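# Geometric and topological summary
Listed below, chain by chain, are the residues.
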Amino acid sequence: MGISRFRRCYRLLVGFSAAAGLSPRCPCRRSLYSSAELFPRFEGRGISGIAKAVSSLRRLSTSVDTLSGGDKAFERLYIHGVGVKPHAVGEEEVRKVEAGGEGGIAEEEREELDLGGNRNLGELEGVLDVGKDKAKEKDMSAVEKEAWWLLNRAVVNYCGNPIGTVAANDPGMANQMLNYDQVFIRDFVPSAIAFLLKGESEIVRNFLLHTLQLQSWEKTVDCYSPGQGLMPASFKVRTVPLDGSNEAFEEVLDPDFGESAIGRVAPVDSGLWWIILLRAYGKITGDYALQERVDVQMGIKLILNLCLSDGFDMFPSLLVTDGSCMIDRRMGIHGHPLEIQTLFYSALRCSREMITINDGPKNLVHAINNRLSALSFHIREYYWADMKKINEIYRYKTEEYSHDAINKFNIYPEQIPSWLVDWIPEKGGYFIGNLQPAHMDFRFFSLGNLWAIVSSLATQRQAEGILNLIEAKWDDLVAKMPFKICYPALEYDEWRIITGSDPKNTPWSYHNGGSWPTLLWQFTLACIKMGRQDLAQRAVAVAEKRLSNDKWPEYYDTRSGRFIGKQSRLYQTWTIAGLLSSKMLLENPDIACILTCEEDLELLEGCTCSLSKSARTKCSRLAARSQVLV
């Protein structure tokens, strides 16, 4: 990836500004040795400690003007000065946190960081019902103070403004960062939720707008480009010489759409998470003008057009390759993995709320409604597994050739794994991990099941069943650290065949049955939605006992999550943000209501299917409605 790539990116940004009627030349250029005026403090954003700690040579200023036309207009970005690189936490700084004064932070650091001050909670009008004075008096635990300190240290700045958080700030791996020093879209979501709940919305707004600009950049692997609308998996702020000068520099965003990723897999979930976060930003801040901007509306439509495009598939679920989501290595989830389907359903629900209706989007909304009803029926009917359903599969007849076949996907009863027979509880159930012709993946995937509750893809009965199963199988799914990314692990020949003998995904490690603390915030959100805060509080208590002492690992290994992962990065940002978001949601459960979706009965009213008696036609809306009323 050479300087020419960056030049193309910079020219694209300049062209973007010129198209909006802006001068293509940057009006402000400074030398590397410019005065301290280049380095303003981050006042009023709760991260003033970073401004003090980071050297002025690592900082940059910018100005952002809005063209006439209000919030729908594009913004003018002035790029100049020196580059900002993510500030890694040094060993000395880590020792300050661990050995400092009350709350684990040295006295002088605490005064500067204002870790306990929720100074912008007023933005959550009528939601949190907590005033600024009360928020300032809040008695944070030592673990929370340390977590906020670390989260603020992970902030990445672009042109003097916060734009996201690095994936990890592990000082022991400074020479082996790989892509952990980049800002990942999926990783930033829990950080964004934490910042929004604290009233610090600027970083989230900047993140949404800058990643939107990256959506249209060129992305090519071996002379082939994916479809329009693809969002990057991650991006990095780089500093390059300005016009060949050795003294003046400019900052550029270097995105990765999968062309640098292990396996070269496009991140299908990035665009879906972006839409979900955009809705959350509007709901919490009340800044709906951002959603109405022309460029934001276009970004939403590009993502939807990519997801809703016609293909050869007979199912309403999205067909993806292995490694296209949080599980970004080979783990046998190619096809129609549950995680992608739940995020897809959630993104469709969120998009329908945000799309500005005119002649064009009317057709898009119609397509969204049709896909939502078909997808909800498909997942609820064919992915659900409980004792009754498994017994039904056990008695399946195979090779049925007719429109009235019961075993529609020709599933062989011998596929039911031996572990499942004794593992499934009498009360409770879950959505299986994947469904394809002649194949059902019976593994329990946590993110997909939890987000099915959050998005109301699961019916009330199914959502209660999932939480009942988690409670019954607590020692398998939570144990010493929440939360198993999947259960059970692939072992022996299955591990060798399905993962290709992946040395990182060994049994009960990483994606193969590892325990990921970042899933805690999604579990908390699901529990609050279902009125089961007791389960969330129990899981938070388990995590809070260990995370700080273990230096906030990315994941844990072994069947019970007892060991820190063998290749786990420490000071993992979404581990930190996951705990903070969970605790804030439990303290303010009302906010969880606006981050979730309720069952939409309007989707179940009427149907575009012809109401004939043909066996070819089955009304998905009526079938879905019958499940809701059970």
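Cut-offs and rules
Residues numbered from 1 in each chain as written. Predicted model: local features only at pLDDT ≥ 70, side-chain atom pairs only at ≥ 80, totals over all residues. Heavy atoms only, no water. Helix = DSSP H or I, 4+ residues; strand = E, 2+ residues; numbered from the N terminus. Contact = heavy atoms within 4.5 Å. Areas by Shrake-Rupley, 256 points an atom, 1.4 Å probe, with all protein chains shown as cover. Salt bridge = Lys/Arg side-chain N within 4 Å of Asp/Glu carboxyl O. Buried < 20%, exposed > 50% of the residue type's maximum accessible area, 1.4 Å probe, protein only. Core = buried A, V, L, I, M, F, W, Y, C linked by side-chain atoms within 4.5 Å. Pairing = 2+ DSSP bridges. Axes fitted to C-alpha atoms, helices over the stretch in contact; angles between N-to-C directions. Lys, Arg positive; Asp, Glu negative; His and termini not counted. Phe/Tyr/Trp six-rings, centres within 6.5 Å; stacked < 30°, edge-to-face > 60°. Lys NZ or Arg CZ within 6 Å of the ring centre and 35° of its normal.

Turning our eyes to something else, we now look at the overall build of the protein chain. Of regular secondary structure, the protein chain possesses 24 helices and 13 strands. Contacts in the protein chain between residues far apart in sequence, at least 24 positions, make up 71% of those at least 6 positions apart. Taken as a whole, the protein chain presents about 26200 Å² of accessible surface, with 51% of it coming from carbon and sulfur.

Before going further, it helps to examine the pattern of salt bridges. If the charged atoms of two oppositely charged side chains come close together, the side chains can form a pair. In the structure shown here, the tally under the stated rule is 18 salt bridges. For Glu353, the salt bridge identified is with Arg279, shortest N-O distance 3.0 Å. Taken as a pair, Glu353 in helix H12 (residues 338–354) and Arg279 in helix H9 (residues 268–285) lie far apart in primary sequence, 74 residues in all. By relative accessible area, Glu353 is classed as partly exposed at 43%. Owing to a relative accessible area of 6%, Arg279 belongs among the buried residues under this scheme. Two residues, Glu599 and Arg380, come together in a salt bridge whose shortest N-O distance is 2.6 Å. Taken together, the residues span a long stretch of sequence, with Glu599 in the loop between helix H23 (589–595) and helix H24 (620–628) and Arg380 in helix H13 (residues 359–382) at a distance of 219 residues.

Moving on, we get to the nonpolar core. Ranked by size, the top nonpolar core spans 159 residues in total, and within it Trp274, Tyr430, Ile470 and Phe523 carry the most contacts. Examining the composition of this core, we find that ten residues originate from one element, H9, more than from any other. Once residues within four sequence positions are removed from consideration, Ile470 is found in contact with Phe444, Leu450, Leu477, Phe483 and Phe523.

The next point concerns the pairing of strand S9 (residues 429–436). Burial analysis of S9 places eight of its eight residues in the buried class, the great majority of the element. Note that strand S8 (residues 384–386) and S9 share three bridges and pair antiparallel. Residue pairing for S9: Asp386 is matched across the bridge by Gly429. Between S9 and the antiparallel strand that follows it, strand S10 (residues 439–445), lie two residues; Ala438 among them carries a positive phi value of about 65 degrees.

As a further point, take the sheet that holds S10. One open sheet accounts for four strands, arranged S8-S9-S10-S11; its pairing is antiparallel. With one partner strand each, in any of the chains shown, S8 and strand S11 (486–487) form the two edges of the open sheet. Inspection of the sheet shows S9 paired to S10 by four bridges, in the antiparallel sense. Looking at S10, one finds that Leu435 is bridged to Met440. On the sheet, helix H14 (residues 387–394) packs against S8 and S10 and is oriented at approximately 95 degrees with respect to S8.

With respect to burial, helix H16 (residues 446–454) is a largely interior element, nine of its nine residues being buried. Every buried residue of H16 is listed here: Ser446, Leu447, Gly448, Asn449, Leu450, Trp451, Ala452, Ile453 and Val454. Of the residues trailing H16, Ser456 is marked for its positive phi of about 65 degrees.

With that out of the way, let us pick up the side chain of Glu339. By the secondary structure assignment, Glu339 is in helix H12. Of the side chains with opposite charge, Arg186 comes closest to the buried, unpaired Glu339, at an N-O distance of 5.7 Å.

The subject of this paragraph is the packing of aromatic side chains. What characterises a pair of aromatic rings is the spacing of the ring centres plus the angle enclosed by the ring planes. Tallied over the full model, the rule gives 22 aromatic pairs. Centroid distance Trp273 to Trp521: 6.5 Å. Interplanar angle 45 degrees. Geometry classified as tilted. With Trp273 in helix H9 and Trp521 in helix H20 (residues 520–529), this residue pair connects regions lying 248 residues apart in the sequence. Neither residue differs from the other here; Trp273 and Trp521 are each classed as buried. Considering the side-chain rings of Tyr487 and Trp508, the 5.8 Å spacing of their centres and the 50 degrees angle between planes classify their relative orientation as tilted. With Tyr487 in strand S11 and Trp508 in the loop between helix H19 (492–499) and H20, the pair connects residues that are 21 residues apart, well separated along the chain. Above the ring of Trp148, the side-chain terminus of Lys198 is found at 4.1 Å from the ring centroid.

This brings us to unusual backbone geometry. In terms of backbone geometry, most residues other than glycine have negative phi values and most peptide bonds are trans. Here the amide bond leading from Pro482 into Phe483 is cis, since omega sits at 15 degrees, within 30 degrees of zero. Relative to the helices and strands, Phe483 is located in the loop between helix H18 (474–477) and S11. Note that the residue after Tyr487, namely Pro488, is joined by a cis bond; omega there is -5 degrees. Assignment of secondary structure puts Pro488 in the loop between S11 and H19. A positive phi is found at Ser501, a non-glycine position, where the angle reads about 60 degrees. Along the chain, the position of Ser501 falls in the loop between H19 and H20. Residue Ser501 is classed as partly exposed on the basis of its relative accessible area of 33%. A positive phi angle, close to 50 degrees, is found at Tyr571, a residue other than glycine. By the element assignment, Tyr571 lies in the loop between strand S13 (563–564) and helix H22 (573–587).

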